[in-house]
Amino acid sequence: MILIVAEHTAGKLGKATLEMVSAARDSGREGPITVLVLGQNVASVATEAAAVADQVLVADLPGLATYNAETWAAAAAQIAQEGEAHTIIMGGSRSGREYAPRVAVKLDAPYLEDVTSLKGNGAALQGQRYTYLARVTETVEAEGPVVVVTVKPGSFAAAAPAGAAGEQYDVELNLPAPRVEITGKSVEKSSRVALAEADLIVTGGRGVGSPENFTKYVEGLADALGAGVGATRAVVDAGWRPYAEQVGQTGKTVQPGAYIALGVSGAVQHLSGMGKSKNIIAINKDAEAPIFKVADYGIVGDINEIVPALIEASKK
Amino acid sequence: MNILTLVRQVPDAEARVKINQQTVDLDGTTLVVDGMDEYGVEEALRLRESGAGVEQIIALAIGPKRNEDALRTALAMGVDRAIHVETDEHFDAVTLSKVVAQVAQSENVGLILVGGQEADWDSQALGAASAERLSWPQLTWTNELKLDGDTLTGRHDVDDGNESFRVTLPAVVTTQQGLNEPRYPTLPNIMKAKKKELRKDDAAAYGLQARVRTVGAEIQTRARRNTMIDGKDPQAAAAQLLELLRSEAKVLA
Ligand SMILES: Cc1cc2nc3c(=O)[nH]c(=O)nc-3n(C[C@H](O)[C@H](O)[C@H](O)COP(=O)(O)OP(=O)(O)OC[C@H]3O[C@@H](n4cnc5c(N)ncnc54)[C@H](O)[C@@H]3O)c2cc1C
């Protein structure tokens, strides 16, 4: 069987899970597509998952109330072994890429990390992944009775329901006691359209000038166009915006229909997160800014003048 | 307790990458220590300077000869000695974690610091895979660390924000930007580093077998329109851009 470990938050199945189901369907690997739901009070998640999977395994346990790399890895590996899964797919989120390597070691399986495609190639499983700050696409391949995979968010279409809902089964797990004690947590929420899901993104860089200007210009334009809001690392490091909005190598990877970069220089680490956008629009006062090299449309000008005019014009 | 810090040599972020026969060709490319690993080296030094009971800080590199430069940099920054497991074969991170785990065991290591994401292969797996092989806990994407006895506290990024944590060593920690500002090696320290031990280990002794093959590589370029709009008249520029977004790019209704 193909085992997918669901990603979910606040009782809702994440889009990433639907993308993993598409990856599983693409993979050409045989056997039922099985979604494993780990957590507590996850009945609604399991029902959503059942719409796209052949079967759903539910581990609704107090020990799974919060994510922990060691517990998640132990749970995924146990179910994979008991169910004789040959392909284990996890999300390419921070947490997914953190516990998946542990699953690979536990199962003594090769690991295809953060793939953007997945297909069978004879006995091997083949995927593509971005390397060298997303400037190179490499094709990697692994063989084995068992292969562990993480899937890059946003790379596959969300799976549509297929036929009848899959059966749900409760599973027992033997979980290790977590050794990392969490002593505090701060949740960063962007009030906007989730970046991964936005088809239009307005991103502000340091050139926007101040947190107040960010609200006025970046959020202002995003509101006028119905877009999501992104930020560069410089802006996040300065404390103007939450990390949740960071786009780039160490932030989110996005591929919207259009990406509007305001006062963004276009550092390679930033490009690596947004360079696959279908259209890139850059507004920067420096005609030499590297962002113009990757832009479809560029305006050399001052944010303080161009953006108010854009907001005004887009309201017409 | 010893700290093991992992270093790798990668192309400079601004360097052009080229492909030759389906693989990335680094010939003539400017190489630097992976920035994410440098945070780890710096943090190991800072933990010791803060008075934690750290005996030795050991830098480990696995890979081709060029990684000696990364080890020399780490030695010049202040680590005590270096180990180079030299190999020209490209191993995936899960396979490489075998070396890390064996070295950690034989060198009495209580803390492993490794960059959170590799600037070349983009993998985030080495820390976690090493932790699993050693049966140790792990903390990824840390941006604050404190060591008191064998209690490690700090803060790290997670999917939806960040967390403060406490864990008892041994543990694996992956580092990232924001954790610290790596120091520059001074000339006297560069001189001193030349006398420090840089041990060469035979890769064959670690029983590695690559499990992931790279079968192709392509530079991704997308032709961009590069249509420039004059911003001198903001109203006209705004109107023109919106028109192009509607009619040409078709991203606005
Ligand atoms: C390991 C590592 C990981 C990183 N990860 C990321 C990442 O994930 N995401 C990321 O974004 N960065 C990342 N960075 C940082 C990256 O290298 C750059 O420092 C950062 O992207 C720069 O942000 P910026 O473009 O907002 O700021 P700057 O580089 O300061 O650019 C500001 C731009 O605004 C323009 N400007 C100024 N005033 C105006 C005005 N009034 N009107 C119009 N234009 C104006 C300037 O001409 C300039 O081009 C990373 C760096 C490292 C080393």
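Here's what I pulled together on the structure shown here. (Residues numbered from 1 in each chain as written. Chains lettered and ligands numbered in written order. Predicted model: local features only at pLDDT ≥ 70, side-chain atom pairs only at ≥ 80, totals over all residues. Heavy atoms only, no water.)

1. So, the site of the ligand
Taken together, 26 residues surround the ligand, and among them A:Arg206, A:Thr232, A:Ser265, A:Gln269 and A:His270 come closest. Per-site note: the chains with residues close to the ligand are chains A and B. Between the ligand and A:Arg206, the relevant distance is 2.7 Å, taken from an oxygen atom to a main-chain nitrogen or oxygen of the residue. Here an oxygen atom of the ligand and a backbone polar atom of A:Gly263 are 3.1 Å apart. Burial of the ligand by the protein chains amounts to 80% of its free accessible area of 990 Å². Sorting the residues of the shell around the ligand by element identifies helix H6 (233-237), helix H7 (268-274) and helix H8 (303-315) of chain A as the ones contributing at least two each. The class makeup of the residues in the shell around the ligand is 5 nonpolar, 16 polar and 5 charged. (Near = heavy atom within 4 Å. Polar contact = N/O pair within 3.5 Å; in protein donor to acceptor, adjacent residues only side chain to side chain. Areas by Shrake-Rupley, 256 points an atom, 1.4 Å probe, with all protein chains shown as cover. Helix = DSSP H or I, 4+ residues; strand = E, 2+ residues; numbered from the N terminus. Nonpolar A, V, L, I, M, F, W, Y, C, P; charged D, E, K, R; others polar.)

2. As for the sheet that holds strand E6 (residues 87-91) of chain A
Residues and elements named next belong to chain A. Here 7 strands make up an open sheet; going across it, the order is E7-E11-E6-E1-E4-E5-E12 and the pairing parallel. In this open sheet, the two edge strands, each paired with only one partner strand, are strand E7 (111-115) and strand E12 (167-170). On average, adjacent strands in this sheet sit at an angle of 20 degrees to one another, irrespective of strand direction. (Pairing = 2+ DSSP bridges. Axes fitted to C-alpha atoms, helices over the stretch in contact; angles between N-to-C directions.)

3. A word on the interface of chain B and chain A
Across the contact, 74 residues belong to chain B and 77 residues belong to chain A. Taken together, the two surfaces of chain B and chain A that pack against each other cover about 6800 Å², and 50% of this comes from carbon and sulfur. Summed over the three residues of chain B that lose the most area to chain A, namely B:Glu132, B:Arg211 and B:Arg224, the buried surface amounts to 10% of that side. Inspection of the chain B/chain A interface yields 11 salt bridges. The residue B:Glu163 makes a salt bridge to A:Lys185 at a minimum N-O spacing of 3.8 Å. Remark: the boundary between chain B and chain A carries 46 residue pairs in polar contact (both at pLDDT 80 or more). (Contact = heavy atoms within 4.5 Å. Buried area = accessible area lost by both parts, 1.4 Å probe. Salt bridge = Lys/Arg side-chain N within 4 Å of Asp/Glu carboxyl O.)

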